[in-house]
Amino acid sequence: MRILYISIEGNTRNFIEHLTDYAAAQHATDPSLPTITATEISDATDLAAETSPYFCFVPTYLNGGNGIDNGVKELMTNVLGEYIAYGNNARYLLGVVGSGNRNFNEQYCLTAKRYAQKFNAPFIANYELRGVPADEQRVYRAMVKRLKEVQHD
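Keep in mind the model is a prediction, meaning the values are calculated, not measured. (Residues numbered from 1 in each chain as written. Predicted model: local features only at pLDDT ≥ 70, side-chain atom pairs only at ≥ 80, totals over all residues. Heavy atoms only, no water.)

Looking now at the packing of aromatic side chains. Under the criterion given, the structure shown has four aromatic pairs. Between tyrosine 22 and tyrosine 140, the ring centres sit 5.5 Å apart and the planes meet at 75°, which makes this aromatic pair edge-to-face. With a gap of 118 residues between them, tyrosine 22 in helix 1 (residues 11-29) and tyrosine 140 in helix 4 (residues 133-151) connect regions that are remote in the sequence. The pair tyrosine 22 / tyrosine 140 is uniform in exposure class, with both members buried. Taken together, Phe15, Phe57 and Tyr127 form an aromatic cluster joined through their ring pairs. (Phe/Tyr/Trp six-rings, centres within 6.5 Å; stacked < 30°, edge-to-face > 60°. Helix = DSSP H or I, 4+ residues; strand = E, 2+ residues; numbered from the N terminus. Buried < 20%, exposed > 50% of the residue type's maximum accessible area, 1.4 Å probe, protein only.)

What follows is the structure, given as structure tokens:
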């Protein structure tokens, strides 16, 4: 399974590293379970045409607005959205996983929910900040389930 992600403060990168290790351990136990290949998207990443399915992981950073009744101004993650919007890249997006701080209430994972809507892909899972081992298992299972759904379509 492929993941494209953006990590501003290192939380998403940390979670992806743990998730990748978890997937490798699952694959070692059951070779039918997929491993993960992850690519970090940043301001230094050139836009490129994606040619195979992937999931995206995006944290929420907002600067203004509450996302409910007075708009929202996303901050720092726009480069991932631009990458997905480039060419036909959005057609390969299998699902969106969001992260954030639950203290932000309605804004928790708002960027991921907006990506899911904008790119017509399901919002499949979430985790808080760096996540915990139970999140790795839950997110991995959600990704495997989604992958199986699209393979049977």
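Once that is clear, we can look at the side chain of glutamate 136. One can find glutamate 136 in helix 4. No salt bridge is formed by the buried glutamate 136, whose closest oppositely charged neighbour, arginine 130, lies at an N-O distance of 10 Å. (Lys, Arg positive; Asp, Glu negative; His and termini not counted. Salt bridge = Lys/Arg side-chain N within 4 Å of Asp/Glu carboxyl O.)

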